[in-house]
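Working through the structure, step by step
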Amino acid sequence: MPHRISRMVTPNTHYTRTPQSEKLKWVDHITYLMDNQFRLPGTNFRFGLDPLLGLVPFVGDLASFGVSAALVMTMARHGASGKLIVLMMINIALDVVLGSIPLIGNIFDFAFKANERNVRLLRRHYEEGRYQGSGKNIIAGVLIGLVLILVLLVWVLWQLAEWLWNVAASYF
């Protein structure tokens, strides 16, 4: 089958059109929106809604996490292996935890594109012929992992808010 470059994916990401990859076209669109929708004028630097949502404390991080979690759940339902799902969840955990740190996290969000990384992992998985059919048997594990990442995010944000409150209280 001929290879083609999707305009929604990084220019160096090739994939073969298969029934499985065709079912996941909406994942490409959401990933593009979250990670590459906008271009900084005069440069080739692209960014999406993910870092922009990260500018809104707590709510933006949760919204970004929700989109990433939905993408991983979809990929799990379409045959991503357990190992692949773990790698994807590590990308999400890095994005969520490091992205929730004020200022540093905002810069990190512009550079680290977890959804794009996850789609590249999935495409490589399909290209190598490791598609396993329905991944329904690992969805419970994925849900548990995503809940743990969410709990970690809330805990980090709580600790950060508490620290900021104490710093502010010491000045007044």
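Our subject in this report is the structure included herewith.

Conventions adopted
- Positions within a chain are numbered from 1, following the residues in the order the chain's sequence is written.
- Predicted model: local features are reported for residues with pLDDT of at least 70 only, side-chain atom pairs are reported and counted for 80 or more only, and whole-chain, interface and lining totals are derived from all residues.
- Derived side-chain values reflect all non-hydrogen atoms in the structure, with water molecules and hydrogen atoms excluded from consideration.
- Comment: elements are numbered from the N terminus, with helices defined as DSSP H or I runs of at least four residues and strands as E runs of at least two.
- Between buried and exposed lies partly exposed: a residue is buried under 20% and exposed over 50% of the maximum accessible area for its type, with that area taken using a 1.4 Å probe on protein chains only.
- What makes two residues a contact is simply this: any of their non-hydrogen atoms within 4.5 Å.
- Note that accessible areas follow from Shrake-Rupley with a 1.4 Å probe, and for residues the cover is restricted to the protein chains shown.
- Fitting a line to C-alpha atoms yields each axis, with helices limited to the stretch in contact; the angle taken between N-to-C directions then spans 0 to 180 degrees.
- Here is the rule for angles: anything less than 35 degrees is roughly parallel, anything more than 145 is roughly antiparallel, 65 through 115 is roughly perpendicular, and the remaining ranges are oblique.
- Three categories are distinguished: nonpolar for Ala, Val, Leu, Ile, Met, Phe, Trp, Tyr, Cys and Pro, charged for Asp, Glu, Lys and Arg, and polar for the others, with Gly belonging to the last.
- In this scheme Phe, Tyr and Trp rings, the latter by its six-membered ring, pair at centre separations within 6.5 Å, and the angle between planes marks the pair as stacked below 30 degrees, edge-to-face above 60, and tilted otherwise.
- What counts as a salt bridge is simple: a side-chain nitrogen of Lys or Arg found within 4 Å of a carboxyl oxygen of Asp or Glu.
- Like charges within 9 Å and nonpolar side chains (Val, Leu, Ile, Met, Phe, Trp, Tyr) within 5 Å are joined into patches, using only residues over 30% in relative accessible area that form no salt bridge.
- What is meant by a nonpolar core is a set of buried Ala, Val, Leu, Ile, Met, Phe, Trp, Tyr and Cys residues, joined one to another through side-chain atoms within 4.5 Å.

**Brief notes about the overall build of the protein**
Along the backbone of the protein there are 8 helices and 4 strands. Shown N-terminal to C-terminal, the secondary structure of the protein runs as helices and strands in the order β-β-α-α-β-β-α-α-α-α-α-α. Here the protein holds 172 residues, and the buried ones make up 43% of them. At a minimum sequence separation of 6, the contacts of the protein that also span at least 24 residues come to 64%. Accessible surface, the protein: about 9700 Å² in total, of which carbon and sulfur atoms supply 69%.

**Brief notes about the packing of helix 4 (residues 59-77) against helix 7 (residues 114-127)**
Relative orientation and spacing of two packed helices are given, respectively, by the angle between their axes and the distance between those axes. Packing of helix 4 against helix 7 leaves a shortest axis separation of 11 Å and a crossing angle of 5 degrees. The angle between helix 4 and helix 7 places the two elements in the roughly parallel class. Residues Ser68, Leu71, Val72 and Met75 of helix 4 pack against Asn115, Asn118, Val119 and Leu122 of helix 7. Along the lines of polarity and charge, the residues of the contact of helix 4 with helix 7 split into 5 nonpolar, 3 polar and no charged.

**Some details on the environment of Thr74**
One can find Thr74 in helix 4. Given the relative accessible area of 3%, Thr74 is considered buried. Spatially, the C-alpha atom of Thr74 lies 8.2 Å from that of Val27, the residues being 47 residues apart in sequence.

**Some remarks on the packing of aromatic side chains**
Per the stated rule, a full pass over the model turns up 4 aromatic pairs. A ring pair is formed by Phe108 and Phe112, whose centres lie 5.0 Å apart and whose planes are at 15 degrees; its orientation type is stacked. A relative accessible area of 10% places Phe112 in the buried class. Counting every residue linked through ring pairs, the aromatic cluster contains Phe38, Phe45, Phe47 and Phe110.

**Considerations on the pattern of salt bridges**
The final tally for this structure, using the stated rule, is 2 salt bridges. With a closest N to O distance of 2.3 Å, Asp28 and Arg123 form a salt bridge. With Asp28 in helix 2 (residues 25-35) and Arg123 in helix 7, this pair connects stretches of sequence that are 95 residues apart. Arg123 matches Asp28 in its accessibility class, with the two residues each being buried.

**A short note on the packing of helix 4 against helix 5 (residues 82-99)**
Remark: helix 4 packs on helix 5, axes separated minimally by 10 Å, with the N-to-C direction vectors making an angle of 175 degrees. By the criterion of interaxial angle, the relationship of helix 4 to helix 5 is roughly antiparallel. Only Ile85, Met88, Met89, Ile92, Asp95, Val96 and Gly99 of helix 5 make contact with helix 4, whose side of the interface consists of Asp61, Ser64, Phe65, Ser68, Ala69, Val72, Met75 and Ala76.

**Topic: a nonpolar patch on the surface**
A grouping of Val86, Leu87, Ile90, Leu94, Leu98, Ile101, Leu103 and Ile104 is seen on the molecular surface, where their side chains present a nonpolar patch of about 690 Å² in accessible area. Looking at the nonpolar patch, the element that brings in the most residues is helix 5, giving 5 residues. Inspection of the secondary structure assignment puts Leu103 in the loop between helix 5 and helix 6 (104-111). Judged by relative accessible area, which is 65%, Leu103 ranks as exposed.

**Some words on the side chain of Ser64**
Inspection of the secondary structure assignment puts Ser64 in helix 4. Discounting chain neighbours no more than four positions away, the residues touching Ser64 are Met34, Asp50, Leu53 and Asp95.

**What about the nonpolar core?**
Judged by nonpolar contacts, the single largest core of 24 residues is most densely connected at Met75, Ile85, Met88, Val142 and Leu146. Counting residues per element, the ones that place at least two in this core are helix 4, helix 5, helix 7 and helix 8 (139-171). Ranked by the residues each element gives to this core, the list is headed by helix 4, at 7 residues.

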